[in-house]
Amino acid sequence: MKKYLTLITANLTIAVIAVVLYSPGLVNLRLSDYSIFRAGMSIIAALLLILAFFLVNIRLLKEPDRRPVTLEDVHDLDKAKDILRSHCEGRYFGSLARTAAGQLDRIFQCRQRLSGILEQKFTRGTMSFQKFDSVAAAAESSAIKNVVAMANRMRLFDEKEYARLQHYREDDIPDDIQEEQLRLYQKNFDNVRSTIALNEKILLKLDALAMEISSSASSDDADLNNGLIEEIEHLIEETRYYE
């Protein structure tokens, strides 16, 4: 429903702009205008309005891409956010997709913050620097893998079929079969939520690691953070269960 309201609003906006541009008493653009500039603008404005109309309608009305996402499709956090963005307006996964996109922003910020702290505490290229920087890079990679897993689950989710199943007792299909279908959909929901929870745990531990390194008296205290590194590595290892 939200998609169609957006479509109607966008088309009405294009129509209003066209009326303002071409109505006498307003901008009054026309091809026969004595001014070459205004005559040219009447053609350019018409072409832009037509282009906007087709782009808006094609984008909003096209069916979602059901092809599986692979890690080769996702090179960095920005690409991962692009994949999530296509699900942000979904009726059932929209909120989860927006939450996951927000997590990617926070992971990027945390990575930047941690890199700055490491450059203050250690010399770039040293073992201590590499140890902490590599675990941060692995955490970012893990978050991307989790987004790929979430995107594939979202793409397999048929919103129309799920909406129909909400009234499964009212049709002639055996209830036990449809209840099993609903359990599969619920499992899909639960797995996406679990993946988001895993990303949140990784974020928490990365923040804790950044704070610990920042508050260390000297680089000699680096070994005190081994416990946090092991916790992050354990969480990263959990990612493979969601792929």
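K.L.:
When you look at the overall build of the protein chain in this model, what are you seeing that I'm missing?
P.N.:
Counting its secondary structure elements, the protein chain contains eight helices and zero strands. When the helices and strands of the protein chain are listed from N to C terminus, the series reads α-α-α-α-α-α-α-α. Out of the 243 residues belonging to the protein chain, those deemed buried represent 36%. Accessible area for the protein chain stands at about 15100 Å²; split by element, carbon and sulfur atoms hold 59% of it.

K.L.:
Is there a simple way to think about the packing of aromatic side chains in this case?
P.N.:
The way to describe two aromatic rings as a pair is by their centre distance and the angle between their planes. The tally for this structure, following the rule as stated, stands at eleven aromatic pairs. Between the aromatic rings of F53 and F54, the centroid separation amounts to 5.5 Å while the plane-to-plane angle is 80°, which identifies the pairing as edge-to-face. Classification of F53 as partly exposed rests on a relative accessible area of 37%. Ring centres 5.1 Å apart and planes at 50° place the aromatic pair F157 and Y162 in the tilted group.

K.L.:
Explanation requested: the pattern of salt bridges in the structure shown.
P.N.:
Think of it this way: side chains of opposite charge can pair up when their charged atoms draw near. Counted by the stated rule, this structure contains twelve salt bridges. For the salt bridge of D171 with R164, the shortest nitrogen-to-oxygen distance reads 3.1 Å. On the accessibility criterion, D171 (25% relative accessible area) is partly exposed. The partner of R183 in a salt bridge is E180, with the nearest N and O atoms 2.7 Å apart. Here R183 pairs with E180, and both are found in helix α7 (residues 175-215), just three residues apart, close to one helical turn. Taken together, the shared-partner salt bridges in this structure form one network comprising R111, D133 and E140.

K.L.:
What is the right way to look at helix α8 (residues 226-238) in this model?
P.N.:
In an α-helix there are 3.6 residues to a turn, and that puts residues three or four apart on one side. Taking 1.5 Å per residue, 13 residues should reach 18 Å; α8 reaches 19 Å between its end C-alpha atoms and fits that length. All of the buried residues along α8 are L228, I229, I232, L235 and I236. The arc that holds every buried residue of α8, seen down its axis, measures 125°, which confines them to one face. Along α8, exposed side chains directed more than 90 degrees from the buried face belong to E230 and H234.

K.L.:
Please explain helix α3 (residues 77-85) as it appears in this structure.
P.N.:
Along α3, the residues classified as buried are L77, A80, I83 and L84. The arc that holds every buried residue of α3, seen down its axis, measures 115°, which confines them to one face. Buried residues along α3 sit in contact with α4 (94-121) and α5 (127-155).

K.L.:
What should I look at first to understand the packing of α4 against α5 in this one?
P.N.:
When two helices pack together, their arrangement is given by the angle between the helix axes and by the axis-to-axis distance. Where α4 contacts α5, the two axes come as close as 10 Å, and the packing angle between them is 170°. One way to sum up the angle between α4 and α5 is to call them roughly antiparallel. Counting all contacts with α4, which are made through L96, A97, A100, L104, I107, R111, L114, S115, L118 and E119, the residues of α5 involved are F129, F132, D133, A136, A137, E140, A143, V147, M150 and M154. Across the contact of α4 with α5, the residue classes tally to 15 nonpolar, one polar and four charged.

Criteria and thresholds
Residues numbered from 1 in each chain as written. Predicted model: local features only at pLDDT ≥ 70, side-chain atom pairs only at ≥ 80, totals over all residues. Heavy atoms only, no water. Helix = DSSP H or I, 4+ residues; strand = E, 2+ residues; numbered from the N terminus. Buried < 20%, exposed > 50% of the residue type's maximum accessible area, 1.4 Å probe, protein only. Areas by Shrake-Rupley, 256 points an atom, 1.4 Å probe, with all protein chains shown as cover. Phe/Tyr/Trp six-rings, centres within 6.5 Å; stacked < 30°, edge-to-face > 60°. Salt bridge = Lys/Arg side-chain N within 4 Å of Asp/Glu carboxyl O. Expected span 1.5 Å × (residues − 1). Arc of directions from axis to C-beta. Contact = heavy atoms within 4.5 Å. Axes fitted to C-alpha atoms, helices over the stretch in contact; angles between N-to-C directions. Parallel < 35°, antiparallel > 145°, perpendicular 65-115°, else oblique. Nonpolar A, V, L, I, M, F, W, Y, C, P; charged D, E, K, R; others polar.

Everything listed is a geometric property; what it means functionally is a separate question.
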